[in-house]
Protein chains: 4
Amino acid sequence: MMGGTLMDRTMTGAYLPGNSTVELREAPVPEPGHGEVLLRMKASTICGSDIRCIYHEHLGKGPEGYQGVIAGHEPCGQIVKAGPGCRRFGVGDRVIVYHISGCGVCNDCRRGYMISCTSERYRRAYGWQRDGGMADFLLAEEKDLIHLPDELSYSDGAQVACGFGTVYEGLRKVGISGDDDVLITGLGPVGLAAGALCRKLGARRIIGIDVVEERMQLALRLGLCDEVLRSGQDNVAEVRGLTGGRGVERAIDCSANDVARATAIRATRKWGRIVFLGEGGRVEFNPSPDIIHDQKTIFGSWVTSTWLMEELVERLVRWNLHPADLVTHRFALEQVADAYTLMASGKCGKVAVCFDEELQS
Amino acid sequence: MMGGTLMDRTMTGAYLPGNSTVELREAPVPEPGHGEVLLRMKASTICGSDIRCIYHEHLGKGPEGYQGVIAGHEPCGQIVKAGPGCRRFGVGDRVIVYHISGCGVCNDCRRGYMISCTSERYRRAYGWQRDGGMADFLLAEEKDLIHLPDELSYSDGAQVACGFGTVYEGLRKVGISGDDDVLITGLGPVGLAAGALCRKLGARRIIGIDVVEERMQLALRLGLCDEVLRSGQDNVAEVRGLTGGRGVERAIDCSANDVARATAIRATRKWGRIVFLGEGGRVEFNPSPDIIHDQKTIFGSWVTSTWLMEELVERLVRWNLHPADLVTHRFALEQVADAYTLMASGKCGKVAVCFDEELQS
Amino acid sequence: MMGGTLMDRTMTGAYLPGNSTVELREAPVPEPGHGEVLLRMKASTICGSDIRCIYHEHLGKGPEGYQGVIAGHEPCGQIVKAGPGCRRFGVGDRVIVYHISGCGVCNDCRRGYMISCTSERYRRAYGWQRDGGMADFLLAEEKDLIHLPDELSYSDGAQVACGFGTVYEGLRKVGISGDDDVLITGLGPVGLAAGALCRKLGARRIIGIDVVEERMQLALRLGLCDEVLRSGQDNVAEVRGLTGGRGVERAIDCSANDVARATAIRATRKWGRIVFLGEGGRVEFNPSPDIIHDQKTIFGSWVTSTWLMEELVERLVRWNLHPADLVTHRFALEQVADAYTLMASGKCGKVAVCFDEELQS
Amino acid sequence: MMGGTLMDRTMTGAYLPGNSTVELREAPVPEPGHGEVLLRMKASTICGSDIRCIYHEHLGKGPEGYQGVIAGHEPCGQIVKAGPGCRRFGVGDRVIVYHISGCGVCNDCRRGYMISCTSERYRRAYGWQRDGGMADFLLAEEKDLIHLPDELSYSDGAQVACGFGTVYEGLRKVGISGDDDVLITGLGPVGLAAGALCRKLGARRIIGIDVVEERMQLALRLGLCDEVLRSGQDNVAEVRGLTGGRGVERAIDCSANDVARATAIRATRKWGRIVFLGEGGRVEFNPSPDIIHDQKTIFGSWVTSTWLMEELVERLVRWNLHPADLVTHRFALEQVADAYTLMASGKCGKVAVCFDEELQS
């Protein structure tokens, strides 16, 4: 199946017309050019943004616009063909794909933050402006690849590409250790990833807030939170009650909800730090009591760099932490429509489309 | 005039009944107890908060409540008598008074941040809950004193106590150097102090925003800003236009105005830092475009510590920077009512009540 | 026994004449003056510096000179009498004594680092220049006290005063979390404290190096290290071998040995941080390969501040970490000579002189 | 002269046989491949390392070995031909070449630090393992290019590539602003660059130490130092004498001399920071008095990243700072032997080989 014969073949890919359906179409298997590789897809998970901005309706514009490509921006697979000019990766390598392919040579790309690539011409997100992981094969640039060690499965890797990487960046910005009690507002996939990573970084007491009972129970059951609070107007007092009246040292907003964001700020202790990861919406607060008098700092954090993603992968192995533990449902590519339907329902954890051996695991 | 005979005498002090008037009354000259000193007042400046929260009406409660004491929380003078137990300062020493006398032994006081003292019993602001600097003499605790070098005048020192110290703390938090273009929103005394300190820290291009023409001109005339913009809805675009499209590396809000705060955030460059110094009001913004996608950080900063105030004094000498250059009007204690009337009118820079040689200078 | 009648009584105190003996003498029970308290001693541990610089011979000069006072600079006890002017602590309070009493008003004291007090007149270390904890009672200044929560024993507290506080400061400087593999060179009491605190901060793999078999086994048995290496010329290669070839992210020198210090530097990973805590001796290395090419940073760290010591105590409770677990031998005051003899032999962990209920535990 | 006809031509290049001579040879003008460009050289400066490790004798091994290529690792020129796959730069662009071409896809390259590229196969320094700038034309990879704005000359740019970039990285690590008095040990080209950049970052008092009278005078004449000391055993006391007894806040070693490095450490103030930039040699000091008791930090710093080099270029324009002001002698390519002879004599500032319009300026 590998190698030269791929060119003669076609593959199946999933497209999102924007009316809450999925279309499967045949497309030619691409041929890797200079600095490019062809991946046999192994796992491709669905992100909340896929549902919000593409599946139901094509909402985004410009760098957030869906351009009718094969969907899936959390791809993980194995290299089956490498074009000329590849310097690090080759056939047989297991790899994660950083979900934005930048130009590689602007200042932001040079920092490793291809998410912020300033090239209108070359910045293209997998699954949004260039073909993504919901297909048998994926064409990727070598510079977008992150090595996936044998200790991690492809489904582990698929979640590094977007969710875990984004969380890790934010946690590095504020610093998390055993010194810290942590509040996580919003217990969707990003919030759960935050719980898992804070735990490994040493946090002892992790408090979660959400509105959905299932998520709250999942966070407790997986041991990702020590305490879970239902979202409500007493949250600040409740968090202070759980922390000896002090508040938490660190708060991580994964909700994008304005009330939850204000809660994250207000439930944080004097000299504490808050990071906003959840996308969209607004926030409103009163600087004097909320951040000035208590000398607090609020960080914005977006995705991560390729090099920090590599550090994260190294740490996942060291910690024996498997992001795939958050995957509750796996589907074959032929059932991809069911995968999106389930994800859109919200009655699930993380949802993955898997291939080959990864489908059985 | 010094020493033992002080006890037999009375002094004049200024009180603020809260109806936009000032009362001068006689009071006994206090006697310093253990760890206390008696200062001959030399300069006592008026802060915007004195007008806002006391002079017109007694608005504050608790730690911000005015308790009918002698006014003035920016005092600077010379020690004329030292009680037992003083270890560092003695008669003849020129000193600034940190404007909050804390308990000295809670965790916040131990960090040097007496402003945040958690002792309900012992935390008392000069001029608000214990007698302040608008009198012939002031009783202070030795632990609240900052040495005033000969190179600085008492009027220089009076402004260190509150305004310049507060600004320096905020600038230390975000870091200011020749690397940075800086935006200052609000050009009142705090904003002007920010301009003066940013300049000495190395900032090359300082952009100010205000609504009052006189302030804007003053900032330019004193060389504290390179460009001054009138507050308006195009400010973000204007700041970007002045900075090659990038925005400023650092923004300092001294306005407490919600629109200006949002401008400070939005006119800041990718990876930049914003600090909020202005007190009161609210802020509202959209985290994704405003801080998340550009990896920005917002700092709250309140007053400063005694030890950093000492560092600031050392730097003022090194820089030959004289905060008193911002004083536009000086009054004798007998004319203190005129001083408050002028300050309340806003048609002035910093207003000082001065004594002895400081009145002439 | 408490209160006014104490003045009429004498107490027993231990003095170190400098010839490897201890003298017990009677002394009047002191009376607390302004801002002072009298402690009933409960636990007083022996520091390596007591043996090195006083017990065998009086080596130190100036701030490190022993002035014939009652020994013991790691005191912990209960307040039985409070002088006038105390603002936070009172009779019955359980307290740790910060081991240096500074003037309280110089710049270093104001930062909380009384260890660095610049007042020649007022800076006095307990047990070195003013009476220490090896007596029935101790006179201390309120500003030197750290609250001891009920969850911690007096023997826990005695070790906070010097060893654990010193370590915590160094760890805060370099930052320790689950992200870090840590190397500790030197497994004496300070090195063991480093192991205990790194563990609670989240470090997963802690590697220790020492020359004494007993210490190496103790570190393993208490779970404070995961791997222990005997000091030798292959240490750098061994540490790299244990860390996938990378080296550790953080190294903590607690040995003061020049070879071990160079090992700490060289076994640290690219971009890593090293902190020197062990006192005395020298270090030599080759900057280009050792720190320049790998962008490493070396921190010097000395003791800690009063306010960070308070944070440490709060964390010890949160972590359920008991420094007294490192105490291997307890003696009554009458047997204090045996305590010093044992400590000087090195065949022990931490050695404590205890009183009352603390002696039984 | 441009374009397709280049292939037909040969060019002149300078080679260093290692016996303190230079050979000029003809070589074919290279043809840019995928992601490569051909530069018309405009300025190529000589670095001290070229003299030390290549010109006199070929000392280096491995990544520091000279492989008989065209010399010159500080090249700056204009693109005359661009291979396929270039995304940002094109014909006519003025560019600086980052002096190490890394693989581009290892973790270090992804951070932008190609100097630390871990690929044995692909890491090649211009002028050491691949043809450098001492020729009419240079073949470079697009990913190694830094845009040179019109406000800077090619000779300015040549010095960014190695010296100024290296210094800027170190200054960013320790932080330099108007808050800082700075000591620079070693006033060769790197030390002079440090003086120039510290000045622009806001440093007010810059103290230099060197042994060569000419360098000392040059530093003063260019205004890069305020005070210059002759290297000697009283340097620490002299620096303290110039800084009110405190020492400097920051020290930058550009000497690689062990005595000077120890001076840099010892002349630094409590809580201060030292950075080592000078390459080679050793250092020895006494940690307790030298860094532990004064809570100092020593940073190793190596070269810089591509993205920080871009920031530096942006700042040079903003500051109107021209590195070429340190160039004292310019030579045409035909006189390149004289250029190396002069540089080896040490009787000069920076020496440049220039082409076309850059030779006249």
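Residues numbered from 1 in each chain as written. Chains lettered and ligands numbered in written order. Predicted model: local features only at pLDDT ≥ 70, side-chain atom pairs only at ≥ 80, totals over all residues. Heavy atoms only, no water.

Chemist: Go over the overall build of chain A, please, and point to the residues and values.
Modeler: Secondary structure summary: chain A contains eleven helices and 18 strands in total. Taken against the 2.2 N^0.38 rule, which gives 21 Å for 361 residues, the C-alpha radius of gyration of chain A at 20 Å falls within 12% of a compact globule. C-alpha atoms of chain A, sized along the principal axes, occupy 65 × 40 × 40 Å. In chain A, the share of contacts with a sequence separation of at least 24, taken over all contacts with a separation of at least 6, comes to 68%. Accessible area for chain A stands at about 12000 Å²; split by element, carbon and sulfur atoms hold 50% of it. Counting 41 positive and 47 negative side-chain charges, chain A places the averaged centre of each group 5 Å from the other. (Helix = DSSP H or I, 4+ residues; strand = E, 2+ residues; numbered from the N terminus. Rg over C-alpha atoms; globule rule 2.2 N^0.38 Å. Contact = heavy atoms within 4.5 Å. Areas by Shrake-Rupley, 256 points an atom, 1.4 Å probe, with all protein chains shown as cover. Lys, Arg positive; Asp, Glu negative; His and termini not counted. Charge placed at Lys NZ, Arg CZ, Asp CG, Glu CD.)

Chemist: How would you sum up the nonpolar core? Please name residues and give values.
Modeler: Ranked by size, the top nonpolar core spans 254 residues in total, and within it L197(A), I252(A), Y340(A), L197(B), I252(B) and Y340(B) carry the most contacts. The residues touching L197(B), leaving out its near neighbours within four places in the chain, are F164(B), V167(B), Y168(B), L171(B), L312(B), L316(B), W319(B) and L321(B). Grouped together as the second largest cluster of nonpolar side chains are 253 residues, C109(C), M216(C), A251(C) and M343(D) included. (Core = buried A, V, L, I, M, F, W, Y, C linked by side-chain atoms within 4.5 Å. Buried < 20%, exposed > 50% of the residue type's maximum accessible area, 1.4 Å probe, protein only.)

Chemist: Quick rundown of the relation of the copies chain D and chain A? Include the residues and the values.
Modeler: Expressed as a screw transformation, the operator carrying chain D onto chain A has a rotation angle of 180 degrees and an axial translation of 0.0 Å, and the superposed copies differ by an RMSD of 0.0 Å. Put plainly, the chains are arranged around a two-fold axis. Measuring from the rotation axis to each C-alpha of chain D, the shortest distance belongs to R111(D), at 2.9 Å. A symmetric contact is evident, with 100% of the interface residues of chain D recurring at the interface of chain A. (Least-squares fit on C-alpha atoms with pLDDT ≥ 70 in both.)

Chemist: How would you explain the relation of the copies chain B and chain A if you had to name every residue and give the values?
Modeler: With an RMSD of 0.0 Å, the fit of chain B onto chain A corresponds to turning through 180 degrees and sliding 0.0 Å along the axis. By residue overlap, the copies meet face to face through one surface: 100% of the interface positions of chain B are interface positions in chain A.

Chemist: Please set out the interface of chain D and chain A residue by residue, giving values where relevant.
Modeler: In this complex, chain D contributes 24 residues to the contact, which on the side of chain A involves 24 residues. Of the roughly 2100 Å² buried at the junction of chain D and chain A (both faces included), carbon and sulfur atoms supply 45%. It is R87(D), V105(D) and R110(D) that lose the most area in chain D upon contact with chain A, and together they represent 39% of the buried surface on that side. Counting across the interface, chain D meets chain A through six salt bridges. A salt bridge links R111(A) to E311(D); its shortest N-O distance comes to 2.4 Å. Connecting chain D to chain A are 20 residue pairs in polar contact (both at pLDDT 80 or more). (Buried area = accessible area lost by both parts, 1.4 Å probe. Salt bridge = Lys/Arg side-chain N within 4 Å of Asp/Glu carboxyl O. Polar contact = N/O pair within 3.5 Å; in protein donor to acceptor, adjacent residues only side chain to side chain.)

Chemist: An account of the sheet that holds strand β12 (residues 227–230) of chain B is requested, with residue identities and associated values reported.
Modeler: Here twelve strands make up an open sheet; going across it, the order is β12(A)-β11(A)-β10(A)-β13(A)-β14(A)-β16(A)-β16(B)-β14(B)-β13(B)-β10(B)-β11(B)-β12(B) and the pairing mixed. Of all the strands in the sheet, the pair left with one neighbour each is β12 (227–230) of chain A together with β12 of chain B. In this sheet, neighbouring strand axes are inclined to one another by 15 degrees on average, regardless of whether the strands run parallel or antiparallel. Lying on the sheet, helix α4 (residues 189–201) of chain A is in contact with β10 (182–185), β11 (206–210) and β13 (248–253) of chain A; it crosses β10(A) at an angle near 165 degrees. The strands that helix α5 (residues 213–221) of chain B touches are β11 (206–210) and β12 of chain B; relative to β12(B), the one it contacts most, it runs at about 170 degrees. (Pairing = 2+ DSSP bridges. Axes fitted to C-alpha atoms, helices over the stretch in contact; angles between N-to-C directions.)

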